[in-house]
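Observations on the three-dimensional arrangement
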Amino acid sequence: MWHAATILREHRDDGHLAALLVAGLDPVEALVSFVAIGAASAERFESRGRSPQEWSAALERLAVRGLVTESGTATSAGRELRAEVERHTDELAAAPWLALTPADRTRLTELLGEFWVAVPGSGLLPSESTLGIGKV
């Protein structure tokens, strides 16, 4: 089960990278725009090794495109672009789920349901992640 979940996560990640590319966001812009919509804090991405200069330059590029304000928060166009990235990611990630029959999806939900709810509630995961779960 863990291996299958990992494969699905990697498949989704590949699609997410493609969606970011289609949206015209480079790696640093992708992080800055994610912070701009309030999905995670800039500090959460410090481990990604981007310098303050790289971060500022990406912020400036996004501002020129009208995607963030001077203070670094997303404009409506910036929120719309990030929503499109997530929609596109979902579309690209759907194939494995669509291959399941409705009965298979129901059974998978039954098998994972209580564990899926228990894990976030366990306190074992960080309260903030780079996934933006519940925020995007």
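As shown above, the structure is provided for reference.
Residues numbered from 1 in each chain as written. Predicted model: local features only at pLDDT ≥ 70, side-chain atom pairs only at ≥ 80, totals over all residues. Heavy atoms only, no water.

1. Some points on the overall build of the protein
Quick note on the threshold: Numbering of helices and strands runs from the N terminus, with a helix taken as a DSSP run of H or I at least four residues long and a strand as a DSSP run of E at least two residues long. Buried, partly exposed and exposed residues are distinguished by accessible area as a fraction of the type maximum, computed with a 1.4 Å probe on protein chains only: under 20%, between the cut-offs, and over 50%, respectively. Note on contacts: a residue pair is in contact if any heavy atoms of the two residues lie within 4.5 Å. Per-residue and other accessible areas follow the Shrake-Rupley method at a 1.4 Å probe size, with only the shown protein chains counted as cover for residues.
Helix and strand content of the protein: six helices and zero strands. Secondary structure elements of the protein occur, N-terminal to C-terminal, as α-α-α-α-α-α. Dimensions of the protein, computed from the C-alpha atoms along their principal axes, are close to 50 × 30 × 25 Å. Looking at the protein as a whole, 26% of its 136 residues qualify as buried. Expressed as a percentage of contacts within the protein between residues at least 6 apart in sequence, the contacts between residues at least 24 apart total 67%. Counting every atom, the protein has about 9,200 Å² of accessible surface; 62% of that belongs to carbon and sulfur.

2. Re the pattern of salt bridges
What counts here: Any carboxyl oxygen of Asp or Glu that lies within 4 Å of a side-chain nitrogen of Lys or Arg is treated as forming a salt bridge with it.
The tally for this structure, following the rule as stated, stands at ten salt bridges. Asp90 is paired through a salt bridge with Arg12; the nearest N and O atoms lie 2.6 Å apart. With Asp90 in helix H4 (residues 76-93) and Arg12 in helix H1 (residues 2-22), this residue pair connects regions lying 78 residues apart in the sequence. The residue Arg87 makes a salt bridge to Glu84 at a minimum N-O spacing of 3.0 Å. Linking Arg87 with Glu84, this pair stays in helix H4, spanning three residues, or about one helical turn. According to the relative accessible area criterion, Glu84 is partly exposed, its value standing at 39%.

3. Regarding the packing of H1 against H4
Each pair of packed helices gets described by two things: the angle between the helix axes and the distance between those axes. Let me state the cut-off plainly: Only the stretch in contact is used when a helix axis is fitted, and all axes are lines through C-alpha atoms; the angle between N-to-C directions ranges over 0 to 180 degrees. Working definition: roughly parallel below 35 degrees, roughly antiparallel above 145 degrees, roughly perpendicular at 65 to 115 degrees, and oblique for all remaining angles. Crossing handedness: left-handed means the near helix sits turned counterclockwise from the far one by under a right angle, and right-handed means the same turn made clockwise.
H4 packs onto H1 with a crossing angle of 140 degrees between their chain directions and a minimal axis gap of 8 Å. Taken together, the axis directions place H1 and H4 in an arrangement best described as oblique. As H1 runs across H4, the sense of the crossing is right-handed. Seen from H1, the contacting residues are His11, Arg12, Gly15, His16, Ala18, Ala19, Leu20 and Val22; seen from H4, they are Arg82, Val85, Glu86, His88, Thr89, Asp90, Leu92 and Ala93.

4. Regarding the packing of aromatic side chains
Note the following rule: Two rings from Phe, Tyr or Trp (for Trp, the six-membered ring) form a pair when their centres are within 6.5 Å of each other. A pair whose planes differ by under 30 degrees is stacked, one over 60 is edge-to-face, and the rest are tilted.
The tally for this structure, following the rule as stated, stands at one aromatic pair. With a centroid separation of 6.1 Å and 75 degrees between ring planes, the pair formed by Phe34 and Phe45 is classed as edge-to-face. With Phe34 in helix H2 (residues 27-36) and Phe45 in the loop between H2 and helix H3 (52-64), the pair connects residues that are eleven residues apart, well separated along the chain. Given a relative accessible area of 4%, Phe45 falls into the buried group.

5. Here we look at the nonpolar core
The nonpolar side chains of a soluble globular protein tend to be buried, and buried together. What counts, and what does not: What is meant by a nonpolar core is a set of buried Ala, Val, Leu, Ile, Met, Phe, Trp, Tyr and Cys residues, joined one to another through side-chain atoms within 4.5 Å.
Within the largest apolar cluster, 22 residues are counted, with the highest numbers of intra-cluster contacts made by Leu25, Val32, Phe34, Phe45, Leu62 and Val85. Residue assignment for this core shows that the elements contributing at least two residues are H1, H2, H3 and H4. If near-sequence neighbours (up to four positions away) are discounted, Leu25 is found in contact with Leu20, Ala30, Ser33, Leu62, Arg65, Leu81, Arg82 and Val85.

6. Quick look at H4
Let me state the cut-off plainly: An expected span of 1.5 Å times one less than the residue number is assigned to each helix. Starting at the helix axis, one direction is taken to each C-beta atom, and the arc is that of these directions.
Here H4 contains 18 residues, and its C-alpha end-to-end distance of 26 Å stays within 8% of the 26 Å for a straight helix at 1.5 Å per residue. Every buried residue of H4 is accounted for by Gly78, Leu81, Arg82, Val85, Glu86, His88, Thr89 and Ala93. For H4, the arc enclosing every buried residue in end-on projection is 165 degrees, short of the 170-degree limit, so these residues lie on one face. Across from the buried face of H4, at angles greater than 90 degrees, the exposed residues are Ser76, Glu80 and Glu91. Contacts from the buried residues of H4 go to H1, H2 and helix H5 (95-98).

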